[in-house]
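Residue strings, one per chain:
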Amino acid sequence: MYDIIIVGAGPAGLTAAIYARRAQKSVLVLEAKSYGGQIINTLDIENYPVEEHISGFDFATKLYKQTKALGAEIVFEKVVDINDLGNTKEVVTTKNKYSCKAVIIATGSEDRKLGLSNEDELVGKGISYCATCDGAFYKGKTVAVVGGGNTALEDALYLSDIASKVYLIHRRDEFRAEETTVEQLKKKENVEFIYNSTVTKLNASERLESIEVTNKDGSVRTIEVNGLFVAVGRIPENQNFAKLIELDNAGYVKAGEDCKTTCKGIFTAGDNRIKEVRQLVTATGDGAVAATNAVKYINNL
Amino acid sequence: MSVIEVTKDNFETEVLKSDKKVLADFNADWCGPCKMLRPIIDELAEEKDNVKIVSINIDNEDELAEKYNVSSIPCLVLFENGEESRRSIGLIPKEEIENIIGE
Ligand SMILES: Cc1cc2nc3c(=O)[nH]c(=O)nc-3n(C[C@H](O)[C@H](O)[C@H](O)COP(=O)(O)OP(=O)(O)OC[C@H]3O[C@@H](n4cnc5c(N)ncnc54)[C@H](O)[C@@H]3O)c2cc1C
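Note that the structure is a prediction, hence the values are computed from the model and not measured. (Residues numbered from 1 in each chain as written. Chains lettered and ligands numbered in written order. Predicted model: local features only at pLDDT ≥ 70, side-chain atom pairs only at ≥ 80, totals over all residues. Heavy atoms only, no water.)

Asker: Give a description of the overall build of chain A that names residues and reports values.
Answerer: When helices and strands are tallied, chain A shows six helices and 17 strands. A compact globule built from 301 residues should have a C-alpha radius of gyration of about 19 Å, and chain A, at 21 Å, falls within 12% of that. Once the C-alpha set of chain A is aligned to its principal axes, its extents read approximately 60 × 40 × 35 Å. Counting across all 301 residues of chain A, residues that qualify as buried make up 52%. For chain A, the proportion of contacts with a sequence separation of at least 24, taken over those separated by at least 6, is 58%. (Helix = DSSP H or I, 4+ residues; strand = E, 2+ residues; numbered from the N terminus. Rg over C-alpha atoms; globule rule 2.2 N^0.38 Å. Buried < 20%, exposed > 50% of the residue type's maximum accessible area, 1.4 Å probe, protein only. Contact = heavy atoms within 4.5 Å.)

Quick look at the structure:
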C-alpha cells in the first residue's frame with residue numbers, strides 16, 4: 001500500500017512526487033511512455049524562472065533525477081482504471097494493480113489531430129506533430145504549418161531556417177501567441193501567411209504531395225508541400241477516469257486551484273485540469289498544491 | 001547484448017544479413033523524444049535474446065535514412081531476413097516496442 005500514487009511523470013506529476021516525498025509519504029509514479037511529458041519536444045525553454053535557456057530533455061532529466069533522489073518509485077506502466085474503495089484507491093495498469101490512499105492524476109495532454117481520413121497513414125510520410133524532431137528532413141523543401149498558437153508559430157520560425165518555403169495556415173486572422181514570436185515570424189521572407197483557412201484534404205500517393213486549403217469565404221486552393229506540421233493544440237486524455245471524476249465538455253478535469261476533483265482522495269495537477277495558462281510553471285505549481293492537499297487528506301483519514 | 005551503432009559500412013552485415021531479426025532505431029542527438037526512447041531501447045537490448053537492436057544516427061547516416069524513407073524520428077524499423085516487416089514512429093511505450101519485436 002502506497003500513500004500516494006501519481007499518474008503521469010510529466011512536470012506536474014514529478015513535482016507532486018517531490019512535494020509528497022518531502023512530506024515523508026511513500027510515492028509511486030506510474031508513467032505510460034517515458035518521463036518528462038510534452039516538454040521533451042522542445043529544444044529550448046526560455047520562460048522557466050532561473051534558467052535562461054534549457055532544453056526540454058535536460059529539464060526533464062534533471063527533474064526526473066531530483067524526484068528519484070528523493071526516493072519516489074517510478075514505474076513505466078500505463079494506467080487504465082482507478083477504483084474508489086473509500087479510504088483506499090485501487091490503480092489498475094496494463095500489467096498490475098496497486099493500492100494507495102490518495103491518487104494524483106497528472107496525465108497532461110496529447111497532440112490534437114486534424115481529423116482527416118488519411119492523416120494517420122501519412123505520419124512519417126509527410127505529416128508530423130513535432131517540428132524540432134522532423135524539421136531537419138525538410139532542408140530546402142516546402143512545408144506548411146497549421147495552427148495559430150505558440151507552438152505553431154515557433155514551429156514556423158524554426159522551419160523557416162531549414163525549409164525554402166513555409167506556409168502558415170491559421171483558421172483566424174489573429175494569432176494566440178506571444179507577440180515577440182509573431183513579430184519575428186513576420187520578418188521572415190520565406191514565410192507566407194494564409195489566414196481564415198483550414199486544411200481540408202491531404203493528397204498523397206506514397207507520400208504527402210499537396211494539401212487542399214479552404215478559406216472561410218469558400219474558396220479552395222491546392223498547395224504543393226513536402227511536409228505538413230500539425231500544431232492545432234492539444235487534448236486531455238482523461239477518459240479512463242471519467243466514471244470517477246467530473247470532466248468538462250472538452251475533457252478537462254473539473255478542479256479549481258486546490259486541485260481537488262469531485263472524488264474524495266483523488267487530486268489532479270497540470271495541463272489536464274481546467275485552467276487558463278498551460279505551461280511548465282503552472283504545471284509544477286499544480287504539482288505542489290495537489291501533493292500538499294493529498295498529504296493533508298491522508299493525515300486526516 | 002547492448003545496442004550496436006550501425007553505419008552504412010556495417011549495415012549490410014549487422015542488419016540485412018543478421019541471423020536474428022533486427023530492430024533499427026533511427027535517431028538524432030537534437031531529437032528529445034529520441035533521447036527519451038534510448039534508455040528503453042537499451043533495456044530491451046539487455047532483456048531480449050530474440051532480436052538484435054541497432055541505433056542509426058540519421059545526421060551521420062543520411063543515405064540510410066533516405067534509403068528507408070525515414071522522415072520522422074524517433075523511427076523504429078523491424079527487419080526480418082533483410083526485409084522491413086514493421087515500423088513505428090514517435091515515442092512509444094516499452095510494451096508497444098515488445099509487441100513490434102514479437103516472439
Ligand atoms: C512543443 C512544445 C513546447 C513547449 N514549450 C514550453 C515552454 O517553452 N515553456 C513552458 O512553460 N511550457 C512549454 N510547453 C508546455 C509544457 O510542456 C506543458 O505545460 C507541461 O509539460 C504540462 O505538464 P503536465 O505534467 O501537466 O503534462 P504532460 O507534460 O503532458 O505530462 C503528462 C504525462 O502523463 C503521461 N500519461 C498520460 N496518460 C497516462 C496514463 N493513462 N497512464 C500513465 N501515464 C500517462 C504522459 O505519457 C506524460 O508523460 C510546451 C509544450 C509543447 C508541446
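Asker: So what's going on with helix α5 (residues 179-186) of chain A? Which residues, and what values?
Answerer: Residues and elements named next belong to chain A. Looking at α5, one finds that the buried residues are T181, V182 and L185. Looking straight down α5, one finds its buried side chains confined to an arc of 100°; they lie on one side. Residues of α5 that are exposed and point more than 90 degrees away from the buried face comprise E179 and T180. Buried positions along α5 lie against α4 (150-160), β10 (165-169) and β11 (191-194). (Arc of directions from axis to C-beta.)

Asker: Any details on the site of the ligand? Residues and values, ideally.
Answerer: Residue and element names in this part refer to chain A. The full set close to the ligand counts 29 residues, and E31, Q38, N47, D271 and L280 are the nearest of them. Between a nitrogen atom of the ligand and a main-chain N or O atom of A32, the distance comes to 3.1 Å. Surface burial for the ligand is 90%, taken as the share of its 1,000 Å² of free accessible area covered by protein chains. Of all the secondary-structure elements, those providing two or more residues to the shell around the ligand are α1 (11-22) and α6 (280-299). Taken together, the residues of the shell around the ligand sort by class into 11 nonpolar, 12 polar and six charged. (Near = heavy atom within 4 Å. Polar contact = N/O pair within 3.5 Å; in protein donor to acceptor, adjacent residues only side chain to side chain. Areas by Shrake-Rupley, 256 points an atom, 1.4 Å probe, with all protein chains shown as cover. Nonpolar A, V, L, I, M, F, W, Y, C, P; charged D, E, K, R; others polar.)

Asker: Account for the domain arrangement of chain A, with residues named and values stated.
Answerer: Partitioning chain A into structural domains gives domain 1 (2-110 + 234-299) and domain 2 (113-230). Of note, the centres of domain 1 of chain A and domain 2 of chain A, computed from C-alpha atoms alone, are 32 Å apart. (Domains from an automatic or database assignment.)

Asker: Before we move on, could you go through the pattern of salt bridges and cite the residues and values that matter?
Answerer: In this structure the tally under the stated criterion is 20 salt bridges over all chains. Here K89 of chain A makes a salt bridge to D84 of chain A, at a shortest N to O gap of 2.7 Å. As a salt-bridge pair, E12 of chain B and K17 of chain B come within 3.1 Å of each other at their nearest N and O atoms. By relative accessible area, which is 43% here, E12 of chain B ends up partly exposed. A single salt-bridge network, built from bridges that share partners, covers K165, E192 and R221 of chain A. (Salt bridge = Lys/Arg side-chain N within 4 Å of Asp/Glu carboxyl O.)

Asker: I'd like to hear about the side chain of S128 of chain A, residue by residue, with values.
Answerer: Counting through the fold element by element, S128 of chain A comes out in strand β8 (residues 127-128). Here D134 of chain A takes part through its side chain, which lies 2.7 Å from a polar atom of the side chain of S128 of chain A.

Asker: An account of the interface of chain A and chain B is needed here, citing residue identities and associated values.
Answerer: Every contact between the two is made by 21 residues of chain A and, on the other side, 17 residues of chain B. The contact between chain A and chain B buries some 1,800 Å² in all, and 65% of this surface belongs to carbon and sulfur atoms. Here chain A and chain B share one salt bridge between them. Of the charged contacts, one joins K95 of chain A and E95 of chain B as a salt bridge, the two residues approaching to 3.9 Å between their closest N and O atoms. At the boundary of chain A and chain B, one finds six residue pairs in polar contact (both at pLDDT 80 or more). Top contributing element to the side of chain A that touches chain B by residue count: helix α3 (residues 131-134) of chain A, with three residues. (Buried area = accessible area lost by both parts, 1.4 Å probe.)

Asker: Can you lay out a positive patch on the surface for me, pointing to particular residues and giving the numbers?
Answerer: The grouping of R112, R171, R172, R176 and K216 of chain A at the surface amounts to a positive patch. Within the secondary structure, R172 of chain A is located in the loop between β10 and α5. (Patch = residues over 30% accessible without salt bridge, like charges linked within 9 Å, V, L, I, M, F, W, Y side chains within 5 Å. Lys, Arg positive; Asp, Glu negative; His and termini not counted. Charge placed at Lys NZ, Arg CZ, Asp CG, Glu CD.)

Asker: Residues and numbers for the state of the cysteines, please.
Answerer: Enumeration according to the criterion identifies two disulfides over all chains in this entry. Between the sulfur atoms of C130 of chain A and its disulfide mate C133 of chain A the distance is 2.2 Å. Classification of the bridge connecting C130 of chain A and C133 of chain A rests on its S-S torsion, roughly 65°, and on that basis the disulfide is right-handed. In terms of burial, C130 of chain A and C133 of chain A fall into one category: buried. Each sulfur of the disulfide joining C31 of chain B and C34 of chain B lies 2.3 Å from the other. An S-S torsion of about 80° defines the bridge between C31 of chain B and C34 of chain B as right-handed. Pair check on accessibility: C31 of chain B and C34 of chain B agree, each one buried. With no disulfide partner, C100 of chain A has as its closest neighbouring cysteine sulfur the one in C263 of chain A, 11 Å distant. Taking relative accessible area as the criterion, C100 of chain A reaches 0% and is therefore assigned buried. (Disulfide = S-S within 2.5 Å.)

Asker: Describe helix α2 (residues 56-69) of chain A, with residues and values.
Answerer: All names here are of chain A. Across its 14 residues, α2 extends 20 Å between first and last C-alpha, which sits within 8% of the 20 Å expected from 1.5 Å per residue. Of all the residues in α2, the buried ones are G56, F57, F59, A60, T61, L63, Y64 and T67. At the C-terminal side of α2, G71 shows a positive phi close to 95°. (Expected span 1.5 Å × (residues − 1).)

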